[in-house]
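Structural overview
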Protein chains: 2
Amino acid sequence: MRRAPEEKQRDPERTKARILQAALEEFAAKGFAGARVNEIAARAGVNKQLISYYFGGKEGLFQALTTRWQSEESAFADRSSSLGRLVAGYVRANAERRDFGKLMIWQGLTEDTVPPDPAFAEDVRRDVEWLRRRRQAGEFPADLDPAALLVALFTMASAGIVYPQLVRAACDLDPASTEFGEYYAEQLEKLIEHLAEVTDS
Amino acid sequence: MRRAPEEKQRDPERTKARILQAALEEFAAKGFAGARVNEIAARAGVNKQLISYYFGGKEGLFQALTTRWQSEESAFADRSSSLGRLVAGYVRANAERRDFGKLMIWQGLTEDTVPPDPAFAEDVRRDVEWLRRRRQAGEFPADLDPAALLVALFTMASAGIVYPQLVRAACDLDPASTEFGEYYAEQLEKLIEHLAEVTDS
DNA sequence: GACTTTATCATCCATCCGTATGGTTGACAG
DNA sequence: CTGTCAACCATACGGATGGATGATAAAGTC
């Protein structure tokens, strides 16, 4: 076709993407109950009606968001290097994409309607096994359970999202700043490296 | 009077306490935006009117709750024993009173309207100083910043609240169960003790 | 030009908070 | 014993908000 794709007034894909992005921000900021469809539409620069049109309302929009998130988020952790670096990677991922992290925590807090996701459970089990091998390689002491360690590492990597008040009070840094992100990633990496040290002895 | 004071049908203090308790549960479960005043009243076994009567509406009730929480929660950590035990204490506190922990995280996630609390900041600074002394005593390596460590410890102690899905998938335990609480507290205590070991060398 | 897709506008309807109405009943002082 | 006040309850209404819907216009397609 002679249609140059650069500028169309009508572009359903672009519109849907805008709505999803706006929804991510709004849901992350206020949670599902607190989010306002009006606000999402305004943020996306789009008519409110289109949310029902494309996603079947607020509920459907939220679900579309979480499924998209699962597909994007599944490949964020590279298990190539050391354990410390992996956790530092968690921290940086949380810092760069706070909205996704927040969304996950909203879900955890309001988990009554949320059914357990088998794919997620599978990922977690794989990570636990990976940690178990790391333990055999001497990266952390043998009396620590890989499952508990995974939970601890993952959780503490999200401090900037979970306890922004605490971060501000303790570190005197903006939890959303890259400055804090880098500082905290570095600190956690050191902490975990120390676990490897004690294992050698 | 032959009236024993043990059982009164009319007791404003008891009523207010019931409302606060019900509000704690409701707000913890659904957040401020998701909580329903009707539900709180029903849970408290009390007429909806009384919420306005005593607390001036939903907003006032929430504020009353947070102030009560701050006064109760400030003395939950004993700094008598080792660092590992302190963190284990955090974990147990979170396990026993999940609602308070959830409330704190709701607040952190929706922090736009929440003004920073000076008393809280003061507590945190005191804890950081306490950690600094612990570092001098050799309880954790010198290249770790007490502020970052405080954030990390406090955050990872709340795993059962923040990532219940993760706990279920990784540990195959109910995050709210005492079984998980004990297991996780023990694991974190071990982890932190290892930090002291590596410091000696 | 007919037809489909995409988008808009105005409205509709449910929900929810606050509050008014209008009362009942303990508690307690005198 | 009795009057008075505080503590409570049942119902319901007003007003605001917010999410959904129906009719319709504009853009794109053939």
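Residues take numbers from 1 onward in each chain, read along the sequence in its written order. Throughout, the order in which chains and ligands are written sets their labels, letters from A for the former and numbers from 1 for the latter. Since the coordinates come from a predicted model, pLDDT governs what is reported: local features require at least 70, and pairs of side-chain atoms require 80 or more to be given and counted, while whole-chain, interface and lining totals use all residues.

**With respect to the overall build of chain A**
Summing up its helical and strand segments, chain A has 11 helices and 0 strands in all. Starting at the N terminus and ending at the C terminus, chain A contains elements arranged as α-α-α-α-α-α-α-α-α-α-α. Note on burial: count the other C-beta atoms lying within 10 Å of the residue's C-beta; 20 or more is buried, 12 or fewer is exposed, in between is partly exposed, and C-beta positions come from the backbone. Considering chain A as a whole, with its 201 residues, one finds that 38% of them fall into the buried category. The contact rule is simple: place each C-beta atom from the backbone, and if two of them lie within 7 Å, those residues are in contact. If you take every contact in chain A between residues at least 6 apart in sequence, the share linking residues at least 24 apart comes to 62%. Working definition: helices are DSSP H or I runs of at least four residues, strands are E runs of at least two. Numbering for both runs from the N terminus.

**Re the protein's contact with DNA strand D**
Taken together, 22 residues are adjacent to DNA strand D, and Val 37 and Gly 57 of chain A together with Pro 12, Thr 15 and Asn 47 of chain B come closest. Of all the elements, helix α4 (residues 57-73) of chain A adds the most residues to the surface near DNA strand D, at 3 residues. Contact assignment follows one rule, namely that a residue is near a molecule or strand if its backbone-placed C-beta atom lies within 6 Å of it.

**Some thoughts on the relation of the copies chain A and chain B**
Expressed as a screw operation, the relation of chain A to chain B combines 0.0 Å of axial shift with a rotation of 180 degrees, fitting to an RMSD of 0.2 Å. Such a turn and shift between the copies fits a two-fold axis. When C-alpha distances to the rotation axis are compared across chain A, the minimum falls at Met 156 of chain A, with a value of 2.3 Å. Our superposition of the copies is a least-squares fit, built on the C-alpha atoms of residues whose pLDDT is at least 70 in both.

**As for the environment of Glu 186 of chain B**
Residues and elements named next belong to chain B. Mapped onto the elements of the fold, Glu 186 is located in helix α11 (residues 178-200). Residue Glu 186 is classed as partly exposed on the basis of its 16 C-beta neighbours within 10 Å. Once the C-alpha coordinates of Glu 186 and Gly 60 are considered, the two residues, 126 residues apart in sequence, prove to be 39 Å apart.

**Description of the interface of chain A and chain B**
Every contact between the two is made by 51 residues of chain A and, on the other side, 51 residues of chain B. For the side of chain A that touches chain B, the elements supplying multiple residues, two or more each, are α1 (12-34), α6 (98-109), α7 (118-136), α8 (146-157), α9 (159-162), α10 (164-171) and α11 (178-200) of chain A. The leading source of residues in the side of chain A that touches chain B is α11 of chain A, at 10 residues. Throughout this entry, Asp, Glu, Lys and Arg are counted as charged residues, while Ala, Val, Leu, Ile, Met, Phe, Trp, Tyr, Cys and Pro are counted as nonpolar. The remaining residues, Gly among them, count as polar. Each residue belonging to the side of chain A that touches chain B can be placed in one class, and the counts come to 33 nonpolar, 9 polar and 9 charged.

**Examining the environment of Lys 102 of chain A**
Structurally, Lys 102 of chain A can be placed in helix α6. Of the residues examined, Lys 102 of chain A has 24 C-beta atoms within 10 Å and is grouped as buried. The spatial distance from the C-alpha of Lys 102 of chain A to the C-alpha of Gly 31 of chain A is 8.6 Å, given a sequence separation of 71 residues. Once residues lying within four places of it in the same chain are set aside, the contact partners of Lys 102 of chain A are Ala 28 and Ile 161 of chain A together with Leu 109 of chain B.

**Regarding the packing of α7 of chain A against helix α10 (residues 164-171) of chain B**
Relative placement of two packed helices is described by the angle separating their axes and the distance separating the axes. Angles shown run from 0 to 180 degrees and are taken between the N-to-C directions of axes, each axis being a line fitted to C-alpha atoms and, for helices, limited to the stretch in contact. Taken N-terminus to C-terminus, the directions of α7 of chain A and α10 of chain B make an angle of 60 degrees; their axes are 8 Å apart at the nearest point. Comparing their axes, α10 of chain B and α7 of chain A come out oblique. In the crossing of α7 of chain A with α10 of chain B, the sense of the turn from one axis to the other is right-handed. Counted together, Phe 120, Ala 121, Val 124, Arg 125 and Val 128 of chain A of α7 of chain A and Gln 165, Leu 166, Ala 169 and Ala 170 of chain B of α10 of chain B form the full contact between these two elements. In this scheme, roughly parallel covers angles under 35 degrees and roughly antiparallel covers those over 145, while 65 to 115 is roughly perpendicular and the rest are oblique. Crossing handedness is defined as follows: a turn of the near helix away from the far one that is anticlockwise and smaller than a right angle gives a left-handed crossing, while the clockwise case is right-handed.

**Focus on α8 of chain A**
Helix length check: α8 of chain A, at 12 residues, gives a terminal C-alpha distance of 16 Å against a target of 16 Å (1.5 Å per residue), a fit within 8%. Within α8 of chain A, 11 of the 12 residues are buried, which leaves the element mostly enclosed by the surrounding structure. Given a helix with a known number of residues, its expected span is that number minus one, times 1.5 Å.

**Here's the deal with helix α1 (residues 12-34) of chain B**
Residue and element names in this part refer to chain B. Its 23 residues place the ends of α1 only 27 Å apart at the C-alpha level, less than the 33 Å of an ideal helix rising 1.5 Å per residue. Bend is the name given here to the angle between axes fitted to two runs of seven residues, the run ending at a residue and the run starting at it. Where α1 bends most, the angle comes to about 80 degrees, and this point is Ala 28. For α1, the full list of buried residues reads Ile 19, Ala 22, Ala 23, Leu 24, Glu 26, Phe 27, Ala 28, Lys 30, Gly 31 and Phe 32.

**Some details on the confidence of the model for chain A**
All names here are of chain A. Predictor confidence is given residue by residue as pLDDT, running from a minimum of 0 to a maximum of 100. Per-residue confidence for chain A averages 89 on the pLDDT scale, and 91% of its residues sit at or above 70. At the low end of the mean pLDDT range in chain A sits α4, at 87; at the high end sits α8, at 97. Segment residues 1-6 is flagged for pLDDT under 50; beyond a separation of four residues in sequence, or across chains, it makes 0 contacts in the model.

**So, the environment of Ser 158 of chain A**
Along the polypeptide, Ser 158 of chain A turns up in the loop between α8 and α9. Between the alpha carbons of Ser 158 of chain A and Gly 31 of chain A there is a distance of 17 Å; along the sequence they are 127 residues apart. Beyond its immediate chain neighbours, meaning those up to four positions away, Ser 158 of chain A contacts Asn 94 and Gly 101 of chain A together with Thr 155 and Val 162 of chain B.

**Some points on the packing of helix α5 (residues 83-96) of chain A against α8 of chain A**
All names here are of chain A. The N-to-C vectors of α5 and α8 enclose an angle of 35 degrees; their axes lie 8 Å apart at closest approach. In this structure, α5 meets α8 at a crossing whose hand is right-handed. Residue-level inspection shows Val 87, Tyr 90, Val 91 and Asn 94 of α5 in contact with α8, the latter providing Leu 153, Phe 154 and Ala 157.

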